Amino acid sequence: MTTVAPVRTGRDAPPRDRLAEPGAAPRPGRRGALVPALLLLLPVAAAAIAPGLVAPFDPFANSGPALTAPGWAHPFGTDDLGRDLLSGVVYGARTSLTVAALATLLACAIGTGIGMVAGYFGGLIDDALMRFTEFVQVVPRFFVALLVLTLFGPSAVTMALVLGLMSWPGLARLTRAETLSLRGREFVRAAEALGGSPAWILRRHLLPHVQRPVLAVAAPVATGAILTEAGLSYLGLSDPNAMSWGKLIQTGQAFYTHGWWLPLMPGAAIVVTCFGLALLVEGLRPRF
Amino acid sequence: MLLAVGTALFLLLHATPGGPIVALAGEFADADTVADIERRFGLDRPLHVQYLKFLAGLARGDLGESWFYGEPVLQVLQDRLPATLILVVPSLLLAAGIGVPLGILAARSRRRGLGIMLAALLAFAVPSFWLGHLLRMAFSVEVQWFPVQGMTDARSAADGLRQWLDIARHAVLPVATLTLHQLAYTVLLTRSAIEVERRQPYFMTALAKGNGRRRAEYRHALPNGSPTIVTLFANRVGWFLAGAVLVEVVFAWPGFGQLADAAIRNRDFPLVIGIVLAVTCVTLLANLVADIVYMAIDPRILPHRGARA
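Residues numbered from 1 in each chain as written. Chains lettered and ligands numbered in written order. Predicted model: local features only at pLDDT ≥ 70, side-chain atom pairs only at ≥ 80, totals over all residues. Heavy atoms only, no water.

The name given to chain A in an unreviewed UniProt entry is ABC transporter permease subunit, with Halovulum marinum as the source organism. What the UniProt record of chain A gives under Subcellular location (unreviewed entry) is the line "Cell membrane". One UniProt comment on chain A, placed under Sequence similarities (unreviewed entry), says "Belongs to the binding-protein-dependent transport system permease family." (UniProt positions renumbered as here; feature names shortened; annotations may be inferred.)

A. Geometry of the overall build of chain B. A tally of helices and strands in chain B yields 14 helices and zero strands. Put simply, chain B has 309 residues, and 48% of those count as buried. Put simply, 72% of the contacts in chain B that link residues at least 6 apart link residues at least 24 apart. Accessible surface, chain B as shown: approximately 15300 Å² in total, 63% of it carbon and sulfur. (Helix = DSSP H or I, 4+ residues; strand = E, 2+ residues; numbered from the N terminus. Buried < 20%, exposed > 50% of the residue type's maximum accessible area, 1.4 Å probe, protein only. Contact = heavy atoms within 4.5 Å. Areas by Shrake-Rupley, 256 points an atom, 1.4 Å probe, with all protein chains shown as cover.)

B. Molecular detail of the packing of aromatic side chains. All told, the structure shown has five aromatic pairs over all chains when counted by the stated rule. Here Phe132 of chain A and Trp168 of chain A contribute two aromatic rings whose centre-to-centre distance is 5.7 Å and whose plane-to-plane angle is 35°, an arrangement assigned as tilted. Of this pair, Phe132 of chain A sits in helix H4 (residues 123-138) while Trp168 of chain A is found in the loop between helix H6 (156-166) and helix H7 (169-183), placing the two residues 36 residues apart along the sequence. Centre to centre, the rings of Phe142 of chain A and Phe143 of chain A are 5.6 Å apart; their planes meet at 85°, and the pair counts as edge-to-face. Of the two residues examined, Phe142 of chain A and Phe143 of chain A, each falls in the buried class. Just above the ring of Tyr120 of chain A sits the side chain of Arg183 of chain A; from NZ or CZ to the centre is 4.5 Å. Positioned above the aromatic ring of Phe251 of chain B, the side-chain terminus of Arg136 of chain B is 5.8 Å from the ring centre. (Phe/Tyr/Trp six-rings, centres within 6.5 Å; stacked < 30°, edge-to-face > 60°. Lys NZ or Arg CZ within 6 Å of the ring centre and 35° of its normal.)

C. Looking closely at helix H12 (residues 256-265) of chain B. Residues and elements named next belong to chain B. When you tally the buried positions in H12, you get seven out of ten residues, the bulk of the element. Listed as buried for H12 are Phe256, Gly257, Leu259, Ala260, Asp261, Ala263 and Ile264. At the C-terminal side of H12, Arg267 shows a positive phi close to 55°.

D. Fine view of helix H9 (residues 198-234) of chain A. All names here are of chain A. Across its 37 residues, H9 extends only 46 Å between first and last C-alpha, which sits more than 12% below the 54 Å expected from 1.5 Å per residue. The largest bend in H9 is about 55°, located at Leu207, with the proline Pro208 one to four residues further on. With its phi angle positive at about 95°, Gly236 sits one or two positions after the end of H9. (Expected span 1.5 Å × (residues − 1). Bend = angle between axes of the 7 residues up to and from the residue.)

E. Up close: the packing of H4 of chain A against H7 of chain A. Residue and element names in this part refer to chain A. In contact at an axis separation of 9 Å, H4 and H7 are set at 150° when each is read in the N-to-C sense. Judged by the angle between their axes, H4 and H7 are roughly antiparallel. Pair H4 / H7 crosses with left-handed handedness. Of H7, the residues touching H4 (which contributes Asp126, Met130, Thr133, Glu134, Val136 and Gln137) are Pro169, Gly170, Ala172, Arg173 and Arg176. Residues of the contact of H4 with H7, tallied by class, amount to four nonpolar, three polar and four charged. (Axes fitted to C-alpha atoms, helices over the stretch in contact; angles between N-to-C directions. Parallel < 35°, antiparallel > 145°, perpendicular 65-115°, else oblique. Left-handed = near helix turned anticlockwise from the far one by under 90°. Nonpolar A, V, L, I, M, F, W, Y, C, P; charged D, E, K, R; others polar.)

F. Representation of a nonpolar patch on the surface within the structure. All names here are of chain B. Taken together, the side chains of Leu285, Leu288, Val289, Ile292, Val293 and Ile297 present a nonpolar region at the surface, about 470 Å² in accessible area. Residue placement: Val293 occurs in helix H13 (residues 269-297). Since its relative accessible area comes to 32%, Val293 is described here as partly exposed. (Patch = residues over 30% accessible without salt bridge, like charges linked within 9 Å, V, L, I, M, F, W, Y side chains within 5 Å. Salt bridge = Lys/Arg side-chain N within 4 Å of Asp/Glu carboxyl O.)

G. Representation of the interface of chain B and chain A within the structure. Across the boundary between the two partners, chain B contributes 59 residues, which contact 45 residues of chain A. Connecting chain B to chain A are zero salt bridges. One can count one residue pair in polar contact (both at pLDDT 80 or more) joining chain B with chain A. Within the residue set of the side of chain B that touches chain A, elements represented by two or more residues are helix H1 (2-14), helix H6 (110-125), helix H7 (128-142), helix H8 (161-198), helix H10 (213-235), helix H11 (237-250), H12 and H13 of chain B. (Polar contact = N/O pair within 3.5 Å; in protein donor to acceptor, adjacent residues only side chain to side chain.)

H. Up close: the environment of Leu34 of chain A. In this fold, Leu34 of chain A is placed in helix H1 (residues 34-49). On a C-alpha basis, the gap between Leu34 of chain A and Ala225 of chain A in space is 22 Å, while along the polypeptide they are 191 residues apart.

In structure tokens form, the structure reads like this:
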């Protein structure tokens, strides 16, 4: 049952997929980016993990006079109902990051799986899978998410599922390219000679190698998910029972003449998170 | 491709709880009303008949009738298309026109590129609808240079050139908002593409032959790097159009975005399908054009490999 592939040395190994993602090209990053990245991301992460500890008030309860400007009692001010905006942003972090994390995990799982199978087996399977990947890649994912959420009702889980199911093509292309370059290497050939099944080789020998580059491309997927989630919430397609940054911007915009801080603060939270993730990738790149 | 998208959409719509009848007739409609609506839109036929009719219509460019507007979907889409194009086309041109030179500049040296790179990464993190709102607060509310929203001034009855100037004035902020993301993306991808080319021996040869740095970059590195740039730029069009929808909603611009927003609220399924199909078509077209440009730039790529949209 073992099929031995022709030996591929470094020279005739297939080139990397140069269209995988612009960030995918192996290049040195900047270690210096790590510190600011962590400074930006740690508060957001803390907010998402333990919103009850970080937030000073209940985000849905009245906690002061309406439309108070940012000050000591309410660092981000209060909204038209007297709710503390900082607490809203803190609880919003949980929603946004949960959606982003779920979507990214799902995308990584699908992308790695499809990419590895396509790269390892090659031939017809590769052609079919890559054609499918190209198909998903060009389908505008924002609009699909919009459609599904309109039809099935807005919920954080649905949103994460749709975004995850639509965001894997970049990861699949990268994984496929990595797998192709590993496919003919000696350790894979040795594993094949030992009689290892393809599933075992993929899991035990190839997966550890393709994991690292995937991590570098996963961050942009998360950023995309955060921004898409915010955009959809802005259109009113957010979970009605959860705080969300997009929703805060949407509701805050109506009151911007009375409180400039209302749309400003949640948007700033999005910028901080996404910028932090981008810096994190730059900072971690030398290690991959 | 389109067939697959159409089929997926059709299945999705029929898997929905509630469905169109609830949206049109309300939750507590009597049986007669429901039957009437079903007959009018052919919803009482078996599913496969509906599906075949849907596909046949699609092939003829007939997307059915909008339930809300009572007009053919294609007509509704055509009415809104010019407004969206006014935003989208200048925006894409600006992004490419500014982004590529900036990206080349950023590729020159790590230190000099740092500022541009950071700016691009930051711009990449800004949600377009939020940026649009901020720009409006600054330039329309505070200093009142530009109108707050809409595409034309309702009070002016100007026509011809004046009307175009009016539209242009209204378009400045939305176009600026929309451009930023695509611009940042273009800078990042141009930089990484050119950086790869700069390391190639031919670039050194070009410099050694007495070319100036700029000439070596634009005449030698850019053509070699451009297939990647063109393809990835086109790949991004779907994301860009999503931004256009949000920006249109922010600025109350009467194009596809607003239409999509309204169609979703009205549960106007044929219109939603029409919009998603139209956007998909545009995205496919963009990728196809990219492939053709790709072949024109790089004669090594054979047509049978290139035309893979």
